[in-house]
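Structure assessment
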Amino acid sequence: MTTPPPGLRERKKQATRVALREAALRLAVERGPDQVRVEDIAEAAGVSPRTYNNYFASREQAIVSAVTADREARIAAAVAARPAAVRLADAVTEAVVEQYAITGERDHQALLLITTQTALRDAFLDTTAGIERPLAGVIAERLPDAEAHTARVLAASVAAAVRIALEGWLQPARNAESAESFAAGGLVVPSGSLPDQLRTALAPLAPAFDAAEQPAQP
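Observations concerning the overall build of the protein chain
Across its full length, the protein chain carries 13 helices and zero strands. Along the protein chain, helices and strands appear, N-terminal first, in the series α-α-α-α-α-α-α-α-α-α-α-α-α. Counting only residues that meet the buried cut, the protein chain has 39% of its 218 residues in that class. When the accessible surface of the protein chain is summed, it comes to about 11,900 Å², and 53% of that surface belongs to carbon and sulfur atoms.

Side note on the side chain of Thr128
Secondary-structure assignment places Thr128 in the loop between helix 8 (118-126) and helix 9 (132-142). Taking relative accessible area as the criterion, Thr128 reaches 3% and is therefore assigned buried. At 2.8 Å, the side chain of Thr128 forms a polar contact with the backbone oxygen of Leu125. Apart from residues lying up to four places away in sequence, Thr128 is in contact with Tyr100, Ala159, Val162, Arg163 and Leu166.

Considerations on the pattern of salt bridges
Counted by the stated rule, this structure contains 13 salt bridges. Taking the shortest distance from any N to any O, the salt bridge between Glu60 and Arg59 comes out at 3.0 Å. Given a relative accessible area of 17%, Glu60 falls into the buried group. A salt bridge links Arg199 to Glu94; its shortest N-O distance comes to 3.1 Å. Linking Arg199 in helix 12 (residues 194-202) with Glu94 in helix 6 (residues 88-99), this pair joins segments that are 105 residues apart in sequence. Arg199 gets classed as partly exposed once you look at its relative accessible area, which sits at 35%. On the basis of relative accessibility, which here comes to 29%, the residue Glu94 falls in the partly exposed class.

Here we look at the layout of surface pockets
The space that makes up the largest pocket amounts to roughly 330 Å³. Forming the walls of the largest pocket are 17 residues, and the residues nearest its centre are Gln61, Ser65, Thr68, Glu72 and Thr127. For the lining of the largest pocket, the secondary-structure elements that each account for two or more residues are helix 1 (8-31), helix 4 (59-68) and helix 8. The element best represented in the lining of the largest pocket is helix 4, accounting for five residues. Considered class by class, the residues forming the lining of the largest pocket number five nonpolar, six polar and six charged.

As for the packing of helix 4 against helix 8
In contact at an axis separation of 9 Å, helix 4 and helix 8 are set at 55° when each is read in the N-to-C sense. The orientation of helix 4 relative to helix 8 falls into the category oblique. Read as a crossing pair, helix 4 and helix 8 show a hand that is right-handed. For the pair formed by helix 4 and helix 8, the contact residues are Glu60, Gln61, Ile63, Val64 and Thr68 on the first element and Ala119, Leu120, Ala123 and Phe124 on the second. For the contact of helix 4 with helix 8, a count of residues per class yields six nonpolar, two polar and one charged.

Overview of the environment of Thr68
Residue placement: Thr68 occurs in helix 4. Along the chain, Thr68 and Thr127 lie 59 residues apart, while their C-alpha atoms are 7.5 Å from each other.

Observations regarding the nonpolar core
As a rule of thumb, soluble globular proteins bury nonpolar side chains together. Ranked by internal contacts, the top residues of the largest apolar core, which has 62 residues, are Val96, Tyr100, Ile139, Val158 and Phe209. Looking at this core element by element, the count peaks at 10 residues for helix 10 (residues 148-169). Ignoring anything within four residues of it in the chain, the contact list for Ile139 reads Leu88, Ala151, Leu154, Ala155 and Phe209.

Observations concerning unusual backbone geometry
Phi is positive for Asp70, which is not a glycine, with a value near 65°. Along the chain, Asp70 turns up in the loop between helix 4 and helix 5 (71-81).

Some points on the packing of aromatic side chains
A full pass over the atoms with the stated rule returns one aromatic pair. Judged by centre distance (6.0 Å) and plane angle (50°), the ring pair of Tyr52 and Phe56 falls under tilted. We note that Tyr52, like Phe56, is buried. For Arg71, the ring lying beneath its charged end belongs to Tyr100, and the centroid distance is 4.0 Å.

Rules used throughout
Residues numbered from 1 in each chain as written. Predicted model: local features only at pLDDT ≥ 70, side-chain atom pairs only at ≥ 80, totals over all residues. Heavy atoms only, no water. Helix = DSSP H or I, 4+ residues; strand = E, 2+ residues; numbered from the N terminus. Buried < 20%, exposed > 50% of the residue type's maximum accessible area, 1.4 Å probe, protein only. Areas by Shrake-Rupley, 256 points an atom, 1.4 Å probe, with all protein chains shown as cover. Polar contact = N/O pair within 3.5 Å; in protein donor to acceptor, adjacent residues only side chain to side chain. Contact = heavy atoms within 4.5 Å. Salt bridge = Lys/Arg side-chain N within 4 Å of Asp/Glu carboxyl O. 1 Å grid on protein atoms, 1.4 Å probe; cavity = no way out; pocket = protein on both sides within 12 Å on 5 of 7 lines; lining within 4 Å. Points joined across faces, edges and corners; volume = space filled by probe spheres on them. Nonpolar A, V, L, I, M, F, W, Y, C, P; charged D, E, K, R; others polar. Axes fitted to C-alpha atoms, helices over the stretch in contact; angles between N-to-C directions. Parallel < 35°, antiparallel > 145°, perpendicular 65-115°, else oblique. Left-handed = near helix turned anticlockwise from the far one by under 90°. Core = buried A, V, L, I, M, F, W, Y, C linked by side-chain atoms within 4.5 Å. Phe/Tyr/Trp six-rings, centres within 6.5 Å; stacked < 30°, edge-to-face > 60°. Lys NZ or Arg CZ within 6 Å of the ring centre and 35° of its normal.

See the structure below:
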């Protein structure tokens, strides 16, 4: 079934959301996150602070959204695009790894902000919860005779595993110099390879995916 294109109102809402998150990231890079107010972001995007509050609950949420925007939908779409012959556990793992790849100068600038601000790190980690709903729908379509409950449990487990991987990746550096910087300004240095950490965190879920893919025995 083909999804109809969004109407004019929905396109305007999406354009406003994009304008707000792009303004939030630009101002945060230029001034530093602590020097950016919600009013500044709203003004830069050409909307009122009240309109801003309809889209984001905080400046941190808007800044992080510039990097993570629609990631949960892209993960679900990537899983759905995998051939049916591909093992579901592999399809989910590779989709997650692809969508969390850090590419381009813009992503690196945003990551630098996120790793140096506790509030931004928390907002970044909180976005993993958004993976569950769209992924559950795609998983349900791939499983034979699956109840929605099974798909939701698997999707929620993926979201939890991704958060755990990110928490490990963003852990404070262990050397004394970085530890001193951390104490002074909250510096966190990404630890190891993010793709490797994601695959490691998701690996324990593979048996559950494999079991769910097996048709129920009569």
